Amino acid sequence: MSSGISATEKVDGFTRKSMRKAQKQRKPQGSAHFRTQGGSLSPGELSALPQLRDAPSTEQQELFMQKLQQCCILFDFLDTVTDLKSKEIKRATLNELVDYVSTNRGVLVDSAYPEIINMISSNLFRTLPPSENPDFDPEEDEPTLEASWPHMQLVYEFFLRFLENPDFQPSTAKRYIDQKFVLQLLELFDSEDPRERDFLKTILHRIYGKFLGLRAFIRKQINNIFLRFIYETEHFNGVAELLEILGSIINGFALPLKAEHKQFLMKVLIPMHTAKGLALFHAQLAYCVVQFLEKDPTLTEPVIRGLLKFWPKTCSQKEVMFLGEIEEILDVIEPTQFKKVQDPLFKQISKCVASPHFQVAERSLYYWNNEYILSLIEENIDKILPIMFGSLYRISKEHWNQTIVALVYNVLKTLMEMNSKLFDELTASYKAERQREKKKEQEREELWKKLEELRLSEISKNQNNTHGLENSNNSNNNNNNNSNEPEDHSRISTMDSINTESYTLNAQYAK
């Protein structure tokens, strides 16, 4: 089987991915091929029904039902040449239905609810098609848009106007908008099309507000989606939208907070900071965390310690995001809670200030531009200054980026003004420590030099001993060759000579 990938592309994965993107023409997806339930594909051409506004008032309700049933028929939008007339008739009918529900009163009678929900389910609920790009990166790649959006958009619009209609009765609708319906709605949040997720966000929020009996179920299912995202799939397109809904939900929590809400914060929201795609939803995630802390300040310590536990080690972009979130938390922190976390927190900030990545160092130094944080530091300067001083002083002398050096000088100046006596003591202590370190380093280098000299002298001595042994052996061999005595006497003489030489060498080694 031949491969279309060259040797260069095999080596350079980035080149291979870029070429695939360039060669591949992005096409919209059609969900009609993936339908598992609901509406049927078009059996033939649709016929236009009379306009609702032209019908007598006694016939409007029946015509409204007929139009809802007509809109249950689905079309394949990947086929751009067939059913054009029928597609246009359905689009016009949906537009008419949106307008009819928005501007008329008394249209939402009990018999209309099952027909409305059936039409909505037929058009919206489907198995989402697999991504056309298996290496889809939401930060870099363009999303795959839904081909049937010209109809689907109007169905979503109709659904929203239906929920917002003054005549809408949750007590009647709850027979049709049940847990199964909500579960199918939540599954659609994984759609790649951001337009669809935006409508879903608004609609789910309306359902949460109107159906009190579904609230706990919705929270539990969102919790399950997030847990699956964190620990199993690491992929879900609608995380940001669900977090945005949660931000509003958390804002409405009654006090004191229930144990399940606190558990959701610590077991779900905090571990979500470990996700690889954090940049896509960090703003919404940070907002949810801050909402919890505004509701219950006693959660501040476990939250900050949780963030420090998951602090990124190798991703500077995530470090900058963490620093931004910590600043948002410090903006609402109470002084008593600040005292509980100042030691571990400023040890981490000290490491960030010393980071060779200038954006991380810069973002941490910007804390000193925040008036409230500055007041908290000033109240606890005796604890914070000793933690920060070493890193700040060293960076002011050694950092490669001059902007960071300038910021560090400003921070050092601010800290010195807060407590000049402590600052002078730390300066003297730091310099003395540096002198001790230099002295230790000098002693270490001298010791290594002595060890090296000793090693060389031993090598030289061993070499001399080896040469002496070789010379002695050569002399013995010459004596043996020149001897005219009988063989036995010669052998005895040679053995005596070797024994004498060995004794001499052993004596030398013993000395």
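Quick look at the structure, then.

Cut-offs used in this document
- Residues numbered from 1 in each chain as written.
- Predicted model: local features only at pLDDT ≥ 70, side-chain atom pairs only at ≥ 80, totals over all residues.
- Heavy atoms only, no water.
- Helix = DSSP H or I, 4+ residues; strand = E, 2+ residues; numbered from the N terminus.
- Buried < 20%, exposed > 50% of the residue type's maximum accessible area, 1.4 Å probe, protein only.
- Contact = heavy atoms within 4.5 Å.
- Areas by Shrake-Rupley, 256 points an atom, 1.4 Å probe, with all protein chains shown as cover.
- Salt bridge = Lys/Arg side-chain N within 4 Å of Asp/Glu carboxyl O.
- Expected span 1.5 Å × (residues − 1).
- Core = buried A, V, L, I, M, F, W, Y, C linked by side-chain atoms within 4.5 Å.
- Phe/Tyr/Trp six-rings, centres within 6.5 Å; stacked < 30°, edge-to-face > 60°.
- Lys NZ or Arg CZ within 6 Å of the ring centre and 35° of its normal.
- Polar contact = N/O pair within 3.5 Å; in protein donor to acceptor, adjacent residues only side chain to side chain.
- Patch = residues over 30% accessible without salt bridge, like charges linked within 9 Å, V, L, I, M, F, W, Y side chains within 5 Å.
- Axes fitted to C-alpha atoms, helices over the stretch in contact; angles between N-to-C directions.
- Parallel < 35°, antiparallel > 145°, perpendicular 65-115°, else oblique.
- Nonpolar A, V, L, I, M, F, W, Y, C, P; charged D, E, K, R; others polar.

1. Let's talk about the overall build of the protein
A tally of regular secondary structure across the protein gives 22 helices and zero strands. The proportion of buried residues among the 511 residues of the protein is 43%. Looking at the protein alone, contacts between residues at least 24 apart form 77% of all its contacts between residues at least 6 apart. Just so you have it, the protein exposes about 28,600 Å², and 51% of that area is on carbon and sulfur atoms.

2. Brief notes about helix H14 (residues 300-309)
Those residues of H14 that fall on the buried side of the exposure criterion are Thr 300, Val 303, Ile 304, Gly 306, Leu 307 and Leu 308. In this structure, the buried side of H14 is in contact with helix H12 (259-269), helix H13 (282-295), helix H15 (316-332) and helix H16 (335-353).

3. Things to note about the pattern of salt bridges
One pass over the full model with this rule turns up 20 salt bridges. We note a salt bridge from Asp 296 to Lys 262, for which the minimum N-O separation is 3.7 Å. Of this pair, Asp 296 sits in the loop between H13 and H14 while Lys 262 sits in helix H12, and the two are 34 residues apart along the sequence. Residue Lys 262 is classed as partly exposed on the basis of its relative accessible area of 31%. The partner of Glu 327 in a salt bridge is Arg 363, and the shortest N-O contact between them spans 2.6 Å. One end of the pair, Glu 327, is in helix H15; the other, Arg 363, is in helix H17 (residues 358-365), with 36 residues separating them in the sequence. A relative accessible area of 13% means that Glu 327 is categorised as buried. Among the ionic contacts, a cluster of salt bridges with common partners joins Arg 126, Glu 146 and Glu 196.

4. Some words on H13
The terminal C-alpha atoms of H13 lie 20 Å apart, and with 14 residues this matches the ideal 20 Å at 1.5 Å per residue to within 8%. Along H13, the positions that sit buried rather than exposed are His 282, Leu 285, Ala 286, Cys 288, Val 289, Val 290, Gln 291, Phe 292 and Leu 293.

5. With respect to the nonpolar core
Counting residues in each nonpolar core, the largest one holds 131 residues, and the members touching the most others are Phe 159, Ile 207, Phe 226 and Met 272. Broken down by element, this core gets its largest block of residues, 10 residues, from helix H6 (residues 149-164). Excluding residues within four positions of it along the chain, Met 272 makes contact with Phe 226, Phe 229, Ile 230, Val 239, Leu 243, Leu 278, Phe 281 and Leu 285. With six residues, the next largest nonpolar core counts Leu 46, Ile 73, Phe 77 and Ile 89 among its residues.

6. Section: the packing of aromatic side chains
Per the counting criterion, the structure on display carries 19 aromatic pairs. Geometrically, the ring pair formed by Tyr 113 and Phe 168 is tilted, given 6.2 Å between the ring centres and 45° between the ring planes. Note that Tyr 113 is positioned in helix H5 (residues 112-124) and Phe 168 in the loop between H6 and helix H7 (170-173), a separation of 55 residues in sequence. Across this residue pair, the class does not change: Tyr 113 and Phe 168 are buried. The ring of Phe 77 has Lys 87 lying over it, and the distance from NZ or CZ to the ring centre is 4.8 Å.

7. Notes on the side chain of Glu 327
Of note is the side chain of Glu 327, whose polar atom sits 2.6 Å from the side chain of Arg 363. A distance of 3.2 Å separates polar atoms of two side chains, one belonging to Glu 327 and the other to Asn 370. Not counting residues up to four positions away in its chain, the partners in contact with Glu 327 are Arg 363, Tyr 367, Asn 370 and Ile 373.

8. Brief notes about a nonpolar patch on the surface
Residues Leu 447, Trp 448 and Leu 451 make up a contiguous nonpolar surface patch of roughly 350 Å² in combined accessible area. Within the element layout of this structure, Trp 448 appears in helix H21 (residues 420-482).

9. Some thoughts on the packing of H16 against H17
With their axes 7 Å apart at the nearest point, H16 and H17 run at an angle of 135° to one another. Classified by the interaxial angle, the pair formed by H16 and H17 is oblique. Within the contact between the two elements, H16 uses Ile 349, Cys 352 and Val 353 and H17 uses Val 360, Ala 361, Ser 364 and Leu 365. A breakdown of the residues in the contact of H16 with H17 according to their chemical character gives six nonpolar, one polar and no charged.

10. Things to note about the side chain of Gln 60
Summarising the element assignment, Gln 60 is placed in helix H3 (residues 57-70). From its side chain, Gln 60 meets the backbone oxygen of Leu 52 in a polar contact 3.1 Å long. Discounting residues that sit within four places of it in the chain, Gln 60 has contacts with Leu 52, Arg 53, Ala 55 and Tyr 100.

11. As for unusual backbone geometry
Across the junction of Leu 255 and Pro 256, the peptide omega takes the value -5°, indicating a cis bond. Summarising the element assignment, Pro 256 is placed in the loop between helix H11 (239-251) and H12. For Asp 83, which is not a glycine, the phi torsion comes out positive at approximately 55°. For Asp 83, the position within the fold is in the loop between H3 and helix H4 (84-103). Taking the relative accessible area as the measure of exposure, Asp 83 reaches 31% and is therefore partly exposed. If you check the backbone angles, Glu 234 has positive phi at about 60° while not being a glycine.

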